[in-house]
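The residues making up each chain are set out below.
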Amino acid sequence: MSGARDAAAPPAPGPADAAPAAGFEAVRSALSIAQREMGAARALRALSLLNQARGFDCPGCAWPDPERRSAVEFCENGAKAVAHEATRRRIGADFFARWPVSRLREQSDHWLEQQGRLCEPMLRRRGSDHYEPIAWQEAFARAGRALRALRSPDEALFYTSGRASNEAAFLYQLFARELGTNNLPDCSNLCHESSGVALGESIGVGKGTVGLADFAQADLILVIGQNPGSNHPRMLGALAAAKRRGCRIVAINPLRERGLVRFADPQQPLALLGLASSAIADLYLQLRVGGDIALLKGIMRCVLEAEARAPGRVLDWDFLRRHTEGFEALREDLLQQDPARLERDSGISREAMREVADLYAASERVIACWAMGITQHRFGVANVQEIANLLLLRGNIGRPGAGPCPVRGHSNVQGDRTVGITEKPAAAFLDALAAEFGFEPPRAPGADSVAALEAMHAGRARVFVALGGNFAVATPDHAFGAAALARCLLSVQISTSLNRTHLAASEEALILPCLGRTERDLQASGAQFVTVEDSMSQVHRSEGRLPPASPALRSEPAIVAGLARAALGSASRVPWEALVADYDRIRERIERVIPGFEDYNRRVRRAGGFTLPSGARTRRFETPSGRARFRSHALPGLEPGPGRWLLTTIRSHDQFNTTIYSQDDRYRGIQGDRRVVLVNPLDLAAAGLEPGMRVDLSSEVEGERRCLRGFRALAYDLPRGCAAAYFPEANPLLPLASHAERSRTPSFKSIPVAIQRAQG
Ligand SMILES: Nc1nc2c(c(=O)[nH]1)N[C@H]1C(S)=C(S)[C@@H](COP(=O)(O)OP(=O)(O)OC[C@H]3O[C@@H](n4cnc5c(=O)[nH]c(N)nc54)[C@H](O)[C@@H]3O)O[C@H]1N2
Ligand SMILES: Nc1nc2c(c(=O)[nH]1)N[C@H]1C(S)=C(S)[C@@H](COP(=O)(O)OP(=O)(O)OC[C@H]3O[C@@H](n4cnc5c(=O)[nH]c(N)nc54)[C@H](O)[C@@H]3O)O[C@H]1N2
Ligand SMILES: [Mo]
């Protein structure tokens, strides 16, 4: 049985161990992309402002900025995200005159995004195959008329992607709610919703409890179902620094990801010259896809055994008695597990489980980090709650150096939730909104991302508005998404660049191009900044300084206000124009509605901003009983069956979600092709397939059969019976109905598939 492998073990049959992640290679790649897209001068200016106190927040991931910043406070992939936004390429009216929508549909997603920044508002009229320019006021009026004409405000959907600022997002939800709907699906539904639901129940708050300072104190950090080398590269710096202090790191991931194996810190001169790099993971558990519950139960069983050998010395009894409930039920559940089944389901040996348990029991302060490898399963909520169980056993929460750390994706996805982007608003929030603005917000829950697609498909929702994102590509079952949008009367998309969702066949479509993070935002009262909340609840400012891609662009808050005024008319209780004239006025409203933002405008102007309060951080658990709760879950039982694999979908090193920068995936040694499926070499041989061979993938989930043709099978170091393919190429294999229990996050990370030699 495979299991834990020492990080110093000989190279595996995958390309992951070839060289350290980051280092010179990363800096060179970042600079060359930046220069190609932006030109030398603009690149230098953009990168020197990135993540600096008076600059803009990186539009990439939500990893926080350290208190003491270096001159180079960004990573290779942050630089790519900035280059993509600050590119010199433009698409305006002439482009859309040349390209009918039907021909744009034939282009790849990569090609669409690479055309450059959208420059002016565009309208595709009913029956036309072309987008044509439209004046801003006319665009707003058109959208306003369509929204007013609906039989019910619940026929409108307001999707948000997590790049929107607090100010834009607050206005957007205000608009939807004054119109009369809670239909606010967002990318969080597709992402960390499982973490929010699970932690809310377990510890009374749907967010993590650690800050960067805790990384400097932990003795053990678990990195579960996360690939920070590509998706949160600056986290590797925090892990390497922890490592230098003697902190141990355990990686739990079916793929041996290079960034978790070895890292050369681009901020250290020796590392840049290729003279120094650090090993990251002390222990690397290559578990089976979907094997996390079995593994965590196995580890917890070993912790209980250690407690039995040294009663009173392993578990934190004082914490358990004072602050938790449900421990006895957890213990019973663990004791009745069959250890052989835990090994089989996780693919990890008992010895390796014991090794982690011993490390865990010997560590005073433990942090558990996780991302999409945990949340995007049918049992995503259960996964997160089993992680919380492990932490609770030794009181690893609410004290320095310890706690849960769901590492967020989009740079402001956490902030968007905080300021009201949710289809299930709390009553207290709605009460505060009502008191502040003097209208009665709707109380019935709205549609999440899955329900939004279903509603459009069934003709129950007719107008689709999106504040960023690429909804039809980020979601499962692309054909269903396209058909759903095609039934809408109107789609209105506030965007920076062209993507496939703009090409959906709704009767009419508007593209409203907006300023990006990097760009100067001038309003009536002068230059504005916006604010964002990182993955660790730190709220800080972000101010664009580059000249806008086009003089016709408007800011997201201004576009939302324009739409709101047009839809709600003069009867609206919100002074939209005044709020947009000076974003301090928006922040004053946020402060009055949402707890934790006291003195917002002053505190956010301080270097580093401020941290939002959270009860769990001080062991005040805001659950009904005031205690943290152990929640046990059944093993999911994931045997994909003979001749089948459990497929997980992953991001390459050269993409940001649906935006593909290139066809390469440097750290995994894959070049020039994204339609690939990674399979264990022994599995390939057993199935009579050869590496590089053309294959078809098919799935049979929820009674539906789907097939994707023209993939290439690659031999890769991952457990037998498991496979991996890229998001979004593999999304058509997943039906919309397959999602996590309770959080309804699509099960993007466990799709049973067959892999067969390509037909014909
Ligand atoms: N450069 C870049 N940065 C990004 C993004 C990007 O696309 N590009 N996206 C942003 C967003 S929105 C998000 S949500 C984050 C995503 O960040 P991640 O969650 O790191 O991204 P994924 O590629 O989805 O990777 C999931 C990891 O989980 C592992 N995994 C898959 N299945 C399982 C499983 O069953 N169990 C376990 N334990 N592990 C599993 C995979 O091997 C992979 O290493 O990154 C954010 N940052
Ligand atoms: N199979 C599979 N599917 C997945 C995932 C997976 O791991 N596997 N991950 C899921 C996850 S975690 C997420 S978060 C979703 C992502 O879903 P989305 O957030 O909907 O998708 P993105 O690709 O991030 O959106 C890219 C588009 O956003 C627009 N944009 C970029 N910057 C800005 C800006 O500053 N303002 C505005 N208004 N628009 C902007 C551009 O037009 C760009 O085309 O995908 C999900 N889908
Ligand atoms: Mo995400």
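Keep in mind it's a predicted model, so treat the numbers as computed, not measured. (Residues numbered from 1 in each chain as written. Chains lettered and ligands numbered in written order. Predicted model: local features only at pLDDT ≥ 70, side-chain atom pairs only at ≥ 80, totals over all residues. Heavy atoms only, no water.)

Quick notes on the packing of aromatic side chains
Rules: Centre distance within 6.5 Å is the pairing criterion for rings of Phe, Tyr and Trp, where only the six-membered ring of Trp is used; planes under 30 degrees apart are then read as stacked, over 60 as edge-to-face, and the remainder as tilted. The way it works is that DSSP assigns letters per residue, a run of H or I at least four long becomes a helix, a run of E at least two long becomes a strand, and they are numbered from the N terminus. Burial here depends on accessible area, computed with a 1.4 Å probe over protein chains only, as a share of the maximum for the residue type. Under 20% is buried, over 50% is exposed, and the range in between is partly exposed. Here, a charge over a ring means that NZ of Lys or CZ of Arg falls within 6 Å of the ring centre while also lying within 35 degrees of the ring normal.
Scanning the entire structure with this criterion turns up 19 aromatic pairs. Considering the side-chain rings of Y600 and F610, the 5.9 Å spacing of their centres and the 85° angle between planes classify their relative orientation as edge-to-face. Of this pair, Y600 sits in helix α30 (residues 600–603) while F610 sits in strand β23 (residues 610–611), and the two are 10 residues apart along the sequence. Since its relative accessible area comes to 0%, Y600 is described here as buried. Taken together, the aromatic side chains of F95, F96, W99, W111 and Y131 make up a single cluster linked through ring pairs. The positively charged end of R163 is found above the aromatic ring belonging to F656, 5.1 Å away from the centroid. Across from the ring centre of Y726, 4.8 Å away, lies the NZ or CZ of R674, which sits over that ring.

A word on the packing of helix α7 (residues 136–148) against helix α27 (residues 556–568)
Stated formally: The axes used here are C-alpha line fits, helices contributing only the stretch in contact, and every angle between their N-to-C directions lies in the interval 0 to 180 degrees. Roughly parallel means an angle under 35 degrees; roughly antiparallel, over 145; roughly perpendicular, 65 to 115; everything else is oblique. Left-handed describes a crossing whose near helix is turned anticlockwise from the far helix by less than a right angle; the clockwise case is right-handed. Throughout, a residue-residue contact means that at least one pair of heavy atoms, one from each residue, lies within 4.5 Å. Note that Gly is not counted as nonpolar here; it falls among the polar residues with everything else outside the nonpolar set of Ala, Val, Leu, Ile, Met, Phe, Trp, Tyr, Cys and Pro and the charged set of Asp, Glu, Lys and Arg.
It is the contact of α7 with α27, at a shortest axis distance of 7 Å, that shows an interaxial angle of 50°. Relative to α27, the element α7 lies oblique. α7 and α27 meet at a crossing whose hand is right-handed. Only A558, I559, G562, L563, A566 and A567 of α27 make contact with α7, whose side of the interface consists of W136, F140, A141, A143, G144, L147 and R148. Within the contact of α7 with α27, the residues separate by chemical class into 10 nonpolar, two polar and one charged.

Looking at the site of ligand 2
Here is the rule: Proximity is defined per residue: if any heavy atom of the residue lies within 4 Å of a molecule or strand, that residue is considered near it. Whenever two N or O atoms come within 3.5 Å, that pair is a polar contact, provided that in protein one can donate a hydrogen and the other can accept it, and provided that, for residues adjacent in sequence, both atoms are side-chain atoms. Domain segmentation is taken from an automatic or database assignment of domains.
If you check the shell around ligand 2, you find 30 residues, and the closest are E113, A474, E556, T658 and N731. A distance of 3.0 Å separates a nitrogen atom of ligand 2 from a polar atom in the backbone of I494. T496 places a polar side-chain atom, nitrogen or oxygen, 3.2 Å from a nitrogen atom of ligand 2. Its residues placed into classes, the shell around ligand 2 shows 11 nonpolar, 14 polar and five charged. When residues of the shell around ligand 2 are assigned to domains, at least three fall in each of domain 2 (101–191 + 412–613) and domain 4 (645–757).

Quick word on the site of ligand 1
To be explicit about the condition: Reported accessibility uses the Shrake-Rupley method at a 1.4 Å probe radius. Residues are deemed covered only where the shown protein chains occlude them.
In the vicinity of ligand 1 lie 32 residues, with N253, E257, D292, Q655 and N657 positioned nearest. For ligand 1, a nitrogen atom lies 3.0 Å from a polar atom in the side chain of T648. A distance of 2.8 Å separates an oxygen atom of ligand 1 from a polar side-chain atom of R651. Across the complex, the protein chains shield 99% of the 920 Å² of accessible surface that ligand 1 would expose by itself. Contributions of two or more residues to the shell around ligand 1 are made by α11 (228–231), α20 (372–375), β25 (645–650) and β26 (655–656). Within the shell around ligand 1, the residues separate by chemical class into 12 nonpolar, 16 polar and four charged.

Some points on the domain arrangement of the chain
By convention, interface size is frequently given as the accessible area that disappears when the constituent parts associate. Our working definition: Summed over both partners, the accessible surface that disappears when two parts come together, traced with a 1.4 Å probe, is what is meant by buried area. A pair is scored as a salt bridge if a Lys or Arg side-chain nitrogen falls within 4 Å of a carboxyl oxygen belonging to Asp or Glu.
Under the domain assignment, the chain is made up of domain 1 (21–85), domain 2 (101–191 + 412–613), domain 3 (193–406) and domain 4 (645–757). In this assembly, 18 residues from domain 1 lie in contact with 19 residues from domain 3. When domain 1 packs against domain 3, close to 1500 Å² is buried across both sides, 62% of that on carbon and sulfur atoms. Applying the counting criterion to the domain 1 and domain 3 interface returns one salt bridge. R234 is the salt-bridge partner of D65, the closest N and O atoms lying 3.0 Å from each other. Linking domain 1 with domain 3 are three residue pairs in polar contact (both at pLDDT 80 or more). Elements with a contribution of two residues or more to the side of domain 1 that touches domain 3: β2 (21–22) and α1 (23–38). Ranked by residues supplied to the side of domain 1 that touches domain 3, first place goes to α1 with four residues. Here the residues of the side of domain 1 that touches domain 3 sort into 11 nonpolar, four polar and three charged.

Considerations on helix α24 (residues 449–457)
Along an α-helix, residues three or four positions apart point the same way, because every turn accommodates 3.6 residues. Counting buried positions along α24 yields seven of nine residues, so the element is predominantly enclosed. Within α24 the residues assigned to the buried category are S449, V450, A451, A452, L453, A455 and M456. Just past α24, the residue G459 takes up positive phi, approximately 80°.

Focus on the side chain of T659
Along the chain, T659 falls in strand β27 (residues 659–660). A polar atom in the side chain of T659 sits 3.1 Å from the side chain of E113. Those residues within four positions of T659 in sequence are excluded, and the remaining contacts are H84 and E113.

Side note on helix α18 (residues 339–346)
Regarding α18, the residues found buried are L342, E343, D345 and S346. The elements touched by buried residues of α18 are α15 (292–309) and α19 (350–362). The backbone nitrogen of A340 lies 3.0 Å from a side-chain oxygen of the residue at the head of α18, namely D338. One or two positions beyond α18, positive phi appears at G347, with a value near 75°.

A look at the pairing of strand β30 (residues 704–715)
Applied cut-off: When DSSP finds at least two bridges between two strands, those strands are taken to pair.
The pairing of strand β28 (residues 676–679) with β30 spans four bridges and is classified as parallel. Counterpart to L678 in the pairing with β30 is L714. Pairing analysis gives seven bridges linking strand β29 (residues 694–701) to β30, with the strands arranged antiparallel. If you follow R694 over to β30, its bridge partner there is R712. Hairpin geometry of β29 and β30 is characterised by an intervening segment of two residues between the two adjacent antiparallel strands and by a positive phi of about 50° at E702.

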